[in-house]
Amino acid sequence: MAVVDFSISGNRPSRAGRSDEIRQVLKRAIMLGELPPGAPLLELEIAARFACSQGSVREALLALQEEGLVNRLPHRGTRVSDCTEAEAQEMFRLRHGIETRGIAKAFARLDAGLLNALKALIREMEQAAVDDDENRLADLDRQFHRRLFAAAELPALDPILHRCLVHNQRFKITQSVGVRDLRRTANRHWTIIDAIESGDADAATAAVGRHVATIVDLGPDLFPRNDSESGSSQTMENSAAGPSPDMRALLDQLARENAGTPDPTTVSPEEGRAIAAQRNQRWQVDPPSMADVRTMTIAADPGLRTAARPAIVFTPPRAKPGAIVFVHGGGFALCSTETHDRCMRVLAVESGRSVVGIDYRLAPEEPFPAGLHDVIAAWRTVSNRCGSFGLDDGPLLISGDSAGANLAMAAILHEHDAGRVLPDAALLFYGTYDADFDTESYRDYAEDFGLTTGQMRRYWDWYAPDPDDRRNPLAAPFLASDGQMKAMPPLFLLAAEIDPLASDTYRLKARLDRLGRADEMHVEPGVVHGFLQMTPKLAAARNAMAVAGAAVDRLIERDNRNGRIS
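This write-up is about the structure you can find in this document. Everything numeric here is computed off the predicted structure, so don't read it as measured data. (Residues numbered from 1 in each chain as written. Predicted model: local features only at pLDDT ≥ 70, side-chain atom pairs only at ≥ 80, totals over all residues. Heavy atoms only, no water.)

Before going further, it helps to examine the sheet that holds strand 3 (residues 77-80). If you trace the three strands from one edge of the open sheet to the other, you get 1-3-2, paired in antiparallel fashion. Unpaired on one side and paired on the other, strand 1 (40-41) and strand 2 (70-73) mark the two borders of the sheet. Bridging between strand 1 and strand 3 involves two bridges; their strand directions are antiparallel. The partner of Pro 40 across the bridge, within strand 3, is Arg 79. (Pairing = 2+ DSSP bridges. Helix = DSSP H or I, 4+ residues; strand = E, 2+ residues; numbered from the N terminus.)

A sheet is described by the order of its strands in space; here eight strands give the open sequence 4-5-7-6-8-9-10-11, paired in mixed fashion. Of all strands in the sheet, those bounded by a partner on one side alone are strand 4 (292-298) and strand 11 (520-528). For this sheet, the mean angle separating the axes of adjacent strands, direction not counted, is 20°. The sheet contact formed by strand 4 and strand 5 (residues 309-315) spans seven bridges and is antiparallel. (Axes fitted to C-alpha atoms, helices over the stretch in contact; angles between N-to-C directions.)

Bringing the pattern of salt bridges into the picture now. In total, this model carries 36 salt bridges according to the counting rule given. Arg 49 serves as the salt-bridge partner of Glu 45, at 3.1 Å between the closest nitrogen and oxygen. Remark: Arg 49 and Glu 45 occur in helix 2 (residues 43-50); sequence separation between them is four residues, near one turn of the helix. The partly exposed category is assigned to Arg 49, whose relative accessible area is 35%. Beyond isolated ion pairs, a larger network of salt bridges with shared partners links Asp 20, Arg 23, Lys 27 and Glu 67. (Salt bridge = Lys/Arg side-chain N within 4 Å of Asp/Glu carboxyl O. Buried < 20%, exposed > 50% of the residue type's maximum accessible area, 1.4 Å probe, protein only.)

Attention now goes to empty space enclosed by the protein. Applying the stated criterion to the full structure yields seven cavities of 30 Å³ or more. Of the volumes computed, that of the second largest cavity is approximately 80 Å³. Lining of the second largest cavity is provided by Arg 184, Asn 187, Trp 190, Thr 191, Asp 194, Asp 434, Pro 467, Arg 470, Arg 471 and Leu 479. Broken down by element, the lining of the second largest cavity gets its largest block of residues, three residues, from helix 9 (residues 190-197). Tallied by class, the residues present in the lining of the second largest cavity amount to three nonpolar, two polar and five charged. (1 Å grid on protein atoms, 1.4 Å probe; cavity = no way out; pocket = protein on both sides within 12 Å on 5 of 7 lines; lining within 4 Å. Points joined across faces, edges and corners; volume = space filled by probe spheres on them. Nonpolar A, V, L, I, M, F, W, Y, C, P; charged D, E, K, R; others polar.)

Counting through the fold element by element, Ser 402 comes out in the loop between strand 8 (396-401) and helix 16 (403-417). At 2.9 Å, the side chain of Ser 402 and the side chain of His 529 are in polar contact. The residues touching Ser 402, leaving out its near neighbours within four places in the chain, are Gly 329, Phe 429, Tyr 430, Gly 431, Thr 432, Leu 501 and His 529. (Polar contact = N/O pair within 3.5 Å; in protein donor to acceptor, adjacent residues only side chain to side chain. Contact = heavy atoms within 4.5 Å.)

So, about the packing of helix 5 (residues 112-130) against helix 9. Relative orientation of the contacting elements helix 5 and helix 9 amounts to 160°, with a least axis distance of 10 Å. Taken together, helix 5 and helix 9 sit at an angle that is classed as roughly antiparallel. Read as a crossing pair, helix 5 and helix 9 show a hand that is left-handed. Along its contact with helix 5, which presents Leu 115, Leu 118, Lys 119, Ile 122, Arg 123 and Glu 126, the element helix 9 presents Trp 190, Ile 193, Ile 196 and Glu 197. Split by residue class, the contact of helix 5 with helix 9 holds six nonpolar, no polar and four charged. (Parallel < 35°, antiparallel > 145°, perpendicular 65-115°, else oblique. Left-handed = near helix turned anticlockwise from the far one by under 90°.)

Okay, structure coming up:
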């Protein structure tokens, strides 16, 4: 038998208690892979190690057999059961059906007492993650799902669900490659709570279904997508999609040019910013001509504890009234208005409106909410002092790419709750809207296409290191309430197809659709994250900018809430 630490309590409980202790120790070793499939479990040897009777060992092994963790074969002894992908797939599918149908039946009985108990279990999971106790976390996870399912009052199915949970977790733990993010495992349960508290049974059912469907980091797509999950036929989540020929050629060129320089997220933030600035310099060629380019000042806001900051205004020839406030991306930690100079100029030309580029404090030196407060202060300055920026009164929009899209959307949520002026519309380009790394696109495009899942984990660790902040809609806008979502101005959402963040946009669009909104979305096929920077060399980038610019007039025609549209 494999050498495993079988240390247990020094007290000698009753035979039943002793049997349960033995079961727990053996179960932990099996769940964590310390006892691999096929390992023999000899009753005499276990009894000697535990200093107990064979009867206690036999009871423990019978209980483990009920959970499917061991096989007891006549005349052949007991061995640890297999943990195969084929069985895992079937159990994931079975669990998916049990839990989604269960919460639909239970929804009317999910009262405050049950929700408080579930929240307490999540907080215990978070502590287990902090303690790096994966076995304890898995046990609490099973308690959470069984407690929720119990409200469906289908007790005969509970043992089946329990076995599925055990094997799902065993497969996840033993088959994962690399270090698992235990904090994320714990925190992802809050999405289920949020959906339940929204009062929408369909949303709760979808949240549970998605939770189960996205447990496995690797392996096949077990659950077919449907219209309610995709939100639009335009989403076209295609796990087999690859870069277009033009995009592939450009990726190969970038790999050659970047050879010898480190990943910006693996060095100090200061060094990373220098690398990002150098790499983005290649896109700042042949900038579109502007009628005017000028520097203005964003006023300090004592209420937000922000200092005065510079802004740059790009006014295209024959500019229409109004402007677009643009928030650059860069993982909340890198980039600037200089790295996005050409991008903002192209947006100004395609939209026919002035673009106000703003900088903000960067993580990790200035984590959430510092950068967001700078963006809010900039929005307030522009919306209150349009004339002093040399801008004619007219529709005002907000826009951003990647982390900038997150900050732009979060600024809208903040100002809505504060009862202040909102943008007339928003252009959100391949944004990160939730710190959820278990989505389909995070799995499909984790490596090899520019932005990686590992880099996004680092960016979120820098921007929102506190798990509580990641449940705040001002850091993760996807978690906003239905009321906040409904109050958003008209949105134009852009997704890059070959992007770890693509699912963030698909999920946001699906949720907005379920709320009865009619926001626009464009998915640019065959391109990677950050492709809008590549307008000098990539036709798809120029096309997407033209589509976004053309959407501006349509969006503002639908919204006159601020009385600025003639």
